[in-house]
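If you want the building blocks of each chain, they are given just below.
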Amino acid sequence: MTPERFAECLVSLRWTTIELTSALQCQLSWVEAMESGHAEIPENLALWLDRLAQCHETAAVPTSYRGLAG
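All values reported here derive from a predicted model rather than from experimental measurement.

Q: Just give me the short version of unusual backbone geometry, but keep the residues and values in it.
A: Of note in this structure, Gln-25 is not a glycine but carries a positive phi near 50°. Among the structural elements, Gln-25 can be located in the loop between helix H2 (17-24) and helix H3 (28-36). Residues other than glycine seldom take positive phi values, yet Ala-60 does so here, at roughly 60°. Looking at the element boundaries, Ala-60 is found in the segment after helix H4 (43-59).

Shown next as structure tokens:
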């Protein structure tokens, strides 16, 4: 996984690096290093992130509620 795809996955998931750090229970500096390309993204982490992102990209956000008064 490239750092660019890593960042795209986080955007698709609506996760910040801090939220990913919390999910993985790891060091923020490591997540930031992967995002910047200074650390290799482990294959199993890349596969997991990519699959989650693909699910979010395919499902999309529902829009039928927009414009309705709350």
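Q: Go over the packing of aromatic side chains with me, naming the residues and quoting the values.
A: By the definition in use, this model includes one aromatic pair. Between Trp-15 and Trp-48, the ring centres sit 5.9 Å apart and the planes meet at 40°, which makes this aromatic pair tilted. Residue Trp-15 is located in the loop between helix H1 (3-13) and H2, and its partner Trp-48 is located in helix H4; the two are separated by 33 residues in the primary sequence. For Trp-15, a relative accessible area of 25% puts it in the partly exposed group. On the basis of relative accessibility, which here comes to 35%, the residue Trp-48 falls in the partly exposed class.

Parameters at a glance
Residues numbered from 1 in each chain as written. Predicted model: local features only at pLDDT ≥ 70, side-chain atom pairs only at ≥ 80, totals over all residues. Heavy atoms only, no water. Helix = DSSP H or I, 4+ residues; strand = E, 2+ residues; numbered from the N terminus. Phe/Tyr/Trp six-rings, centres within 6.5 Å; stacked < 30°, edge-to-face > 60°. Buried < 20%, exposed > 50% of the residue type's maximum accessible area, 1.4 Å probe, protein only.

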